[in-house]
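# Structural description and commentary
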Amino acid sequence: MTWSGEAPDGSDMPYLLAYPLGDGPDGPEATSAAVAQMLANNGLPVGGDLVDGNARPSLPVSLLVEAGQAVLNLPPLNAQCPAPPEWLAAVGERGYAYLVFTTRPWPEAEPGKPVEPEALAAFAGADETLTAAAHVVLPARSLRV
């Protein structure tokens, strides 16, 4: 899920939120544990320091921004979501997005269904979400023609 908001420097920050639904066959706890393991396998500590993907070119996580879409590749996962014009403008200006990949399930936010801005703010800004997440500054790449 993408959104942008004002950063301390006064310009918009493009955010990218990834989360599990918690609907795996073994329940939400097992889903959270599997996401935590996937993040660890890719060098992204949950609840740890901010990972600067600009300073770690070998990081196996990537962000492709193309045709109004944000495409996150984090082995073995590929996720794609539409991005609003203000997010695209912010990522174009900065050249990166701030990824919050949380292990906290959010079953109410089903793919393809609209989420109210208040619900997004409540989930994305909750301490439970942020402390259960890997935080990454992720360079935005695009296809070259």
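Described below are features of the structure shown in this document. (Residues numbered from 1 in each chain as written. Predicted model: local features only at pLDDT ≥ 70, side-chain atom pairs only at ≥ 80, totals over all residues. Heavy atoms only, no water.)

## With respect to the overall build of the protein
Definition in use: Elements are defined by DSSP. Helices are runs of H or I of four residues or more, strands are runs of E of two residues or more, and each kind is numbered from the N terminus. Just to be clear, the radius of gyration here is over C-alpha atoms, and the globule rule we use is 2.2 Å times residues to the power 0.38. The classification of residues rests on relative accessible area computed with a 1.4 Å probe and restricted to protein chains. Under 20% of the type maximum is buried, over 50% is exposed, and intermediate values are partly exposed.
Looking only at helices and strands, the protein features four helices and eight strands. Listing every helix and strand of the protein by position from the N terminus yields β-β-α-β-β-β-β-α-β-α-α-β. Radius of gyration (C-alpha) of the protein: 15 Å, near the 15 Å computed for a compact globule of 145 residues. For the C-alpha atoms alone, the extent of the protein along its principal axes is close to 45 × 35 × 30 Å. Out of the 145 residues in the protein, the part that is buried amounts to 40%.

## Digging into the layout of surface pockets
In plain terms, the rule: With a 1 Å grid laid over protein atoms only, a set of points is called a cavity when a 1.4 Å probe fits there but cannot get out and a pocket when it is open yet has protein on both sides within 12 Å along at least five of seven lines; lining residues have an atom within 4 Å of a point. Grid points are joined across faces, edges and corners, and a volume is the space filled by probe spheres set on the points. Side-chain classes are defined by residue name, with Ala, Val, Leu, Ile, Met, Phe, Trp, Tyr, Cys and Pro counting as nonpolar, Asp, Glu, Lys and Arg as charged, and the others, Gly among them, as polar.
The space that makes up the largest pocket amounts to roughly 650 Å³. Lining the largest pocket are 29 residues, with M1, Y19, Q80, C81 and P111 sitting closest to its centre. Elements with a contribution of two residues or more to the lining of the largest pocket: β2 (12-18), β5 (69-74), β6 (77-82) and β7 (96-102). Of the residues forming the lining of the largest pocket, the biggest block, six residues, is contributed by β6. Counted by class, the lining of the largest pocket contains 23 nonpolar, four polar and two charged residues.

## Here we look at unusual backbone geometry
One can expect most non-glycine residues to show negative phi and most peptide bonds to be in trans. Following P75, the chain continues into P76 via a peptide bond in cis, with omega recorded as 5 degrees. Note that P76 resides in the loop between β5 and β6. Although it is not a glycine, A67 sits at a positive phi angle of roughly 55 degrees. Looking at the element boundaries, A67 is found in the loop between β4 (62-66) and β5. Its relative accessible area of 72% is what places A67 among the exposed residues.

## Focus: the pattern of salt bridges
Oppositely charged side chains are able to pair whenever their charged atoms sit close together. As a reminder, the rule being used: Just to be clear on terms, a salt bridge is a Lys or Arg side-chain nitrogen sitting within 4 Å of an Asp or Glu carboxyl oxygen.
A full pass over the atoms with the stated rule returns two salt bridges. D9 serves as the salt-bridge partner of R94, at 2.9 Å between the closest nitrogen and oxygen. With R94 in helix α2 (residues 85-94) and D9 in the loop between β1 (2-6) and β2, the pair connects residues that are 85 residues apart, well separated along the chain. By relative accessible area, R94 is classed as buried at 18%.

## Observations concerning the environment of V46
Heads up, the condition is: When checking whether two residues touch, look at their non-hydrogen atoms; a contact exists if any pair is within 4.5 Å.
With respect to the element layout, V46 can be found in the loop between α1 (28-41) and β3 (51-52). Here the alpha-carbon distance between V46 and T103, two residues 57 residues apart in the chain, equals 8.1 Å. Apart from residues lying up to four places away in sequence, V46 is in contact with A36, L39, T103, T131, A132, A133 and A134.

## Considerations on the packing of aromatic side chains
Note the threshold: Working definition: rings of Phe, Tyr and Trp (its six-membered ring) pair if their centres are within 6.5 Å, and the pair is stacked with planes under 30 degrees apart, edge-to-face with planes over 60 apart, and tilted otherwise.
Counted under the stated rule, the structure contains five aromatic pairs. Centre to centre, the rings of W3 and Y15 are 5.1 Å apart; their planes meet at 20 degrees, and the pair counts as stacked. Of this pair, W3 sits in strand β1 while Y15 sits in strand β2, and the two are twelve residues apart along the sequence. For W3, a relative accessible area of 22% corresponds to the partly exposed category. Taking the relative accessible area as the measure of exposure, Y15 reaches 21% and is therefore partly exposed. Ring geometry for Y15 and Y98: centres 5.8 Å apart, planes at 55 degrees, overall tilted. Remark: Y98 occurs in strand β7 and Y15 occurs in strand β2; sequence separation between them is 83 residues. Taken together, the ring pairs connect W3, Y15 and Y98 into an aromatic cluster.

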